[in-house]
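Residue-level listing of the chains:
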Amino acid sequence: LSALKGKDFLKLADFSTEEILALLELAADMKAGKGPVKPLAGKTLGMIFQKSSTRTRVSFEVGMLQLGGHPLFLSNNDLQLGRGETIYDTAKVLSRYLDGIMIRAHGHEQVEELAEHADIPVINGLTDSYHPCQMMADMLTIQEHKGKLKGLKIAYIGDGNNVAHSILIGSAKVGMDVAIASPVGYEPDADIVAQAEGFANEQGSTVVITNDPVEAVKDADVIYTDVWASMGQEAEQDERVQKFTGFQVNEELCSHAKSDFIFLHCLPAHRGEEVSAEIIDGKHSVIFDEAENRMHAQKAILVACMAD
Ligand code: CP
Ligand code: NVA
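Being a predicted model, the structure only gives us computed values, none of them experimental.

*Asks:* Explain the overall build of the chain to me, using residue names and the numbers behind them.
*Replies:* Helix and strand content of the chain: 12 helices and 9 strands. The C-alpha radius of gyration computed for the chain amounts to 19 Å, which stays within 12% of the reference 19 Å derived for 308 residues, consistent with globular compactness. Overall, the chain is about 55 × 45 × 35 Å in size when its C-alpha atoms are taken along their principal axes. Counting over 308 residues, the chain shows a buried share of 51%. For the chain, the share of sequence-separated contacts (at least 6 apart) that also reach a separation of at least 24 residues comes to 75%.

*Asks:* If you had to explain the pairing of strand 6 (residues 177–181) to someone new, which residues and values would you point to?
*Replies:* Counting buried positions along strand 6 gives 5 out of 5 residues, so the element sits mostly inside the fold. Burial along strand 6 is two-sided: the face carrying Asp-177, Ala-179 and Ala-181 and the face carrying Val-178 and Ile-180 are both buried. Relative to strand 6, strand 5 (residues 153–157) runs parallel, the two sharing 5 bridges. Across the sheet, residue Ile-157 finds its bridge partner in strand 6, namely Ala-181. On the question of chirality, the crossover connecting strand 5 to the parallel strand 6 by way of helix 6 (residues 162–174) is right-handed. Pairing of strand 6 with strand 7 (residues 207–210) involves 4 bridges; the strand directions are parallel. Bridge assignment links Val-178 to a residue of strand 7, and that residue is Val-207.

*Asks:* Can you explain the pairing of strand 9 (residues 262–265)? Please cite residues and give values.
*Replies:* Here strand 9 shows a buried face lined by Ile-262 and Leu-264 and a second buried face lined by Phe-263 and His-265. Relative to strand 9, strand 8 (residues 222–225) is paired through 4 bridges, and the arrangement is parallel. Bridging from a neighbouring strand, Val-222 pairs with Ile-262 of strand 9.

*Asks:* Got a sec to walk through the sheet that holds strand 2 (residues 70–75)? Specific residues and values, please.
*Replies:* With parallel pairing, the 4 strands of this open sheet are ordered in space as 2-1-3-4. Two strands lie at the open edges of the sheet, namely strand 2 and strand 4 (122–124), each paired on one side alone. Across the sheet, the axes of successive neighbouring strands diverge by a mean angle of 20 degrees, strand direction being ignored. Judged from the 6 bridges that link them, strand 1 (residues 44–49) and strand 2 form a sheet pairing that is parallel. The residue bridging Thr-44 from the neighbouring strand is His-70, located in strand 2. Packing of helix 4 (residues 108–117) onto the sheet brings it into contact with strand 3 (100–104) and strand 4, and relative to strand 4 it is tilted by some 165 degrees.

*Asks:* Hey, could you go over the domain arrangement of the chain for me, with residue numbers and the actual values?
*Replies:* You can read the domains of the chain as domain 1 (2–130 + 294–306) and domain 2 (134–290). Distance from the C-alpha centre of domain 1 to the C-alpha centre of domain 2: 25 Å. If you look at the interface, domain 1 gives 23 residues, while domain 2 gives 18 residues. Elements that contribute at least two residues to the side of domain 1 that touches domain 2 include exactly helix 1 (17–31) and helix 12 (287–306). Here the side of domain 1 that touches domain 2 is built from residues that sort into 12 nonpolar, 6 polar and 5 charged.

*Asks:* I'd love a proper account of the site of ligand 2, names of residues and values included.
*Replies:* For ligand 2, the full set of nearby residues is Leu-126, Asn-161, Asn-162, Val-163, Asp-226, Val-227, Ser-230, Met-231 and Cys-266. By residue class, the composition of the shell around ligand 2 is 5 nonpolar, 3 polar and 1 charged.

*Asks:* Break down the sheet that holds strand 6 for me, with residues and values.
*Replies:* Strands belonging to one sheet form pairs held by backbone hydrogen bonds; the direction of such a pair is parallel or antiparallel. On the basis of which strands lie adjacent, the open sheet formed by 5 strands has the order 7-6-5-8-9 and parallel pairing. Only two strands of the sheet have a single partner each, and these edge strands are strand 7 and strand 9. Strand-to-strand twist in this sheet, taken as the mean axis angle between neighbours without regard to direction, amounts to 20 degrees.

*Asks:* Can you explain the UniProt feature "binding site: L-ornithine" (unreviewed entry) in the chain? Please cite residues and give values.
*Replies:* Per the UniProt entry, the sites bearing "binding site: L-ornithine" (unreviewed entry) are Asn-162, Asp-226, Ser-230 and Met-231 in this numbering. In sequence the annotated residues extend across 70 residues, while in space they remain close, none of their C-alpha pairs exceeding 11.6 Å. Relative to the elements of secondary structure, Asp-226 occurs in the loop between strand 8 and helix 9 (237–243). As for its position among the elements, Met-231 is in the loop between strand 8 and helix 9. In contact with Met-231, other than residues within four places in its own chain, are Lys-51 and Ser-52.

Rules of the game
Throughout, residues of each chain are indexed from 1 in the direction in which the sequence is written. Starting at A for chains and at 1 for ligands, labels are handed out in the order in which the entities are written. In keeping with the predicted nature of the model, local features appear solely for residues at pLDDT of at least 70, side-chain atom pairs appear and are counted solely at 80 or more, and the whole-chain, interface and lining totals rest on all residues. Where helices and strands are cited, they refer to DSSP runs of H or I of at least four residues and of E of at least two residues respectively, numbered from the N terminus. Put simply, the radius of gyration uses C-alpha atoms, and a globule should come to 2.2 Å times the residue count raised to 0.38. Field definition: a residue is buried when 20 or more other C-beta atoms are found within 10 Å of its C-beta, exposed when 12 or fewer are, and partly exposed for counts in between, with C-beta atoms placed from the backbone. Here contacts are defined at the residue level, using C-beta atoms placed from the backbone and a cut-off of 7 Å between them. The pairing criterion for strands is at least two bridges between them, as found by DSSP. Seen with the strands pointing away from the viewer, any crossover whose path from the first strand over the helix to the second strand runs clockwise is right-handed. To get an axis, a line is fitted to the C-alpha atoms, and for a helix only the part in contact is used. The angle between two axes follows their N-to-C directions and goes from 0 to 180 degrees. The source of the domain bounds is an automatic or database domain assignment. Any residue outside Ala, Val, Leu, Ile, Met, Phe, Trp, Tyr, Cys, Pro, Asp, Glu, Lys and Arg is labelled polar, Gly included; the first ten of those are nonpolar and the last four are charged. In this analysis, residues qualify as near a molecule or strand once their C-beta atom, positioned from backbone atoms, comes within 6 Å of it. UniProt positions are given in the numbering used here, feature names are shortened, and annotations may be inferred rather than shown by experiment.

Here's what the structure looks like:
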């Protein structure tokens, strides 16, 4: 993991399979209380939020405190960034005070720009294109419940969004078969799918993109869904509810998966829309382990990128 020191954590495609697995191992160690003691003592992490958050904010903030460091919550409304100060100047100035930046933003290119000009590690806490910290927590959760990653099948049902993109890349990197079922017009980005196919080839696993939820869920070990309208798409909510008819994760759909499948959702969730209450609150659901694992996975990322 020493290769990650000083590096940004923007998207999973930037990391090797070995690096991803090593981060997961460190996360599991730290969760078990076996990690380094206060490895970020005296370090500060600025956390810029251009969108709402419950899990990302609290898990990074508490995680940073547990590592001996100090988090600063920086709302876009309060930063001069929100009044038009450039990303360049923001990156340069924050680099003089902080040891790292976590940012949740709209365009992924804004985060790339911040990282390019910052002299300190930048961690992506969700953009319109990716949610890599989420997928690290998801893989940690799958590994805990299934004992492995490689060779499993994960099915994602719903919008081809930021979460779907990180699932695609992360799964392909660790050799999980991944199937994504979305309504026509809501498929994941074609370039990201092509990239995932390349990584899957190297691992001997498969990538399937379909408009048929039953095909995706068939024999799956893991079933995943996310909201139909992401942050920033609130105006499309009604239209999307129409278009996503038939894409709800419910008992009928899950009957096509392996009998011991686990259900994941990054949260927040809408019971009765993308998932039925019987599934998300039922015995296959591990959503709160998954939410807890955000903190453990991110602590590993923070240590790898920021510790001396
Ligand atoms: N899953 C996730 O990122 O949740 P928040 O939006 O609450 O941070
Ligand atoms: N796709 C969702 C994920 C929230 C954690 C969104 O971007 O709003």
